[in-house]
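# Chains, contacts and geometry: an overview
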Amino acid sequence: MKIRPRRSVLYMPGANDRALEKARSLPADALILDLEDSVAPEAKVQARDKVIAAVKGGGYGQREIVIRVNALDTPWGADDLKAAASVKADAILVPKVSRPGDMVSAAKLLKAQGAAAETRLWAMMETPLAILNARDIAGVAGDADNRFSCLVLGTNDLLKESRARALGDRFAIVPWLAASVLAARAYGLDVIDGVFNDFKDEPGFRAECEQGRTLGMDGKTLIHPSQIAPCNEIFSPSTEEVEWSRKVIQAFAFPEHKGKGVITVEGRMVERLHLVMAERVVAIWEAIAA
Ligand code: COA
Ligand code: MG
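Our subject in this report is the structure included herewith. (Residues numbered from 1 in each chain as written. Chains lettered and ligands numbered in written order. Predicted model: local features only at pLDDT ≥ 70, side-chain atom pairs only at ≥ 80, totals over all residues. Heavy atoms only, no water.)

### Describing the sheet that holds strand β1 (residues 8-13)
Each strand in a sheet pairs with another by means of backbone hydrogen bonds, the pair being arranged parallel or else antiparallel. Heads up, the condition is: Two strands pair under a simple rule: DSSP has to find at least two bridges between them. The helix and strand labels rest on DSSP assignments: H or I over at least four residues marks a helix, E over at least two residues marks a strand, and numbering proceeds from the N terminus. In this analysis an axis means a line fitted to C-alpha atoms, helices contributing only their contacting stretch, and an angle means the value between N-to-C directions, from 0 to 180 degrees. We call two residues contacting when some pair of their heavy atoms lies within 4.5 Å.
Here we have 8 strands rolled up into a closed barrel, ordered β1-β2-β3-β4-β5-β6-β7-β8, and parallel in their pairing. Put simply, the sheet's adjacent strands are angled 25° from each other on average, direction ignored. Taken together, the 3 bridges between strand β6 (residues 148-153) and strand β7 (residues 190-193) define a ladder with parallel strand orientation. Its bridge partner lying in β7, Cys150 is registered against Asp190. Those strands touched by helix α2 (residues 44-57) are β2 (30-34) and β3 (64-68), and its axis lies near 165° from that of β3. Each of β5 (120-125), β6 and β7 touches helix α8 (residues 174-186); the most contacted strand, β7, lies at about 160° to it.

### Concerning the nonpolar core
Here is a general trend for soluble globular proteins: nonpolar side chains tend to be buried in one another's company. We apply this condition: In this text, buried Ala, Val, Leu, Ile, Met, Phe, Trp, Tyr and Cys residues form a nonpolar core when linked through side-chain atoms within 4.5 Å. Buried means the residue's accessible area, taken with a 1.4 Å probe over protein chains only, is under 20% of the maximum for its type, while exposed means over 50%, and partly exposed covers the values in between.
Judged by nonpolar contacts, the single largest core of 65 residues is most densely connected at Leu31, Ile67 and Met103. The element contributing the most residues to this core is α2, with 5 residues. Those residues in contact with Leu31 that sit more than four places away from it in its chain are Leu10, Met12, Ala23, Tyr60, Arg63, Glu64, Ile65 and Val66. One finds Trp122, Met124, Val152 and Val195 within the second-largest nonpolar core, a separate group that totals 13 residues.

### Examining α2
An α-helical segment advances 3.6 residues per turn. Residues three or four places apart therefore align on the same side. Our working rule: By definition here, a helix of n residues has an expected span of 1.5 Å times n minus one. In this description, the arc belongs to the directions extending from the helix axis to the C-beta atoms.
If you check α2, its first and last C-alpha atoms are 20 Å apart, about what 14 residues at 1.5 Å a residue would give, namely 20 Å. Every buried residue of α2 is listed here: Lys44, Ala47, Arg48, Val51, Ile52, Ala54 and Val55. In an axial view of α2, the angular spread of the buried residues amounts to 160°, which keeps them on one side of the axis. The outward face of α2, more than 90 degrees from its buried face, is lined by the exposed residues Lys56 and Gly57. Each element contacted by the buried residues of α2 is listed here: α1 (17-22), β2, β3 and α3 (77-86). Among the residues trailing α2, Gly58 stands out with phi positive, at a value near 70°.

Rendered as structure tokens:
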């Protein structure tokens, strides 16, 4: 499968014309055009029309286009999904997923609508049940017909539902983030961290990006253009990582190392599993450069 960098994933309210326009020139890897919680009930239908027109209008280049629909049990969900299926979005993001069946239902609806095969499904992990059922939800990816490719953490909703305290180090929710990363990896999904609300606090934002990267997140969801550059920087492999990875790849390619499971590179033990990791670092690096 083609590797897609998903370092920076910017949300924008579907009702906001200026944001939809501005996103065409912002250096985010992916854009989430939102019809759900950032759109007031009175503006839902109009926002849907705007988002569909924006996607049809194009001009977003390499950026991955994701439409966040309303949940299927709301008055707008089914119509949002039908409308989203009619344009070739890269993905449709299903909110408030709590059970595997929520993803299977969305996949069936997309199929019934004749959505393009390339259109993937992403899931918001933002309810207590989503975290408790993370393994089974991610397991839906085992059936390729479900077109499932990515989990997105909804940390504001998790804080609301759990009544956990929102402290700077995310002490209360780190276990849920980590559980989501494991569920994603167990079934070959990408996983994107939640948003940082205080968008003028760059040091705080950077620290949270670093924490997410340490946990294994592929990237972070963003709310403001000013968050894109630091996020891209932190979620890109560093020059040192890329150089080291190239050395590991070269070392395993030496004729004398052919067929060896473990070798020494600059005094460090390196196994074939490190070769696989090194190949991924270089592949991500090349995808970013492209
Ligand atoms: N996507 C694209 N462009 C955005 C943007 C976003 N999420 N947020 C702000 N911008 C644009 C503004 O339109 C403005 O453009 P301009 O100056 O070139 O006309 C510029 O960036 C600066 O914006 P600023 O004035 O600093 O912010 P704001 O007060 O207009 O908006 C928010 C602040 C938080 C309301 C806005 O950033 C936002 O709506 N973010 C996304 C919220 C969201 O989608 N939430 C759902 C998931 S949590
Ligand atoms: Mg939410």
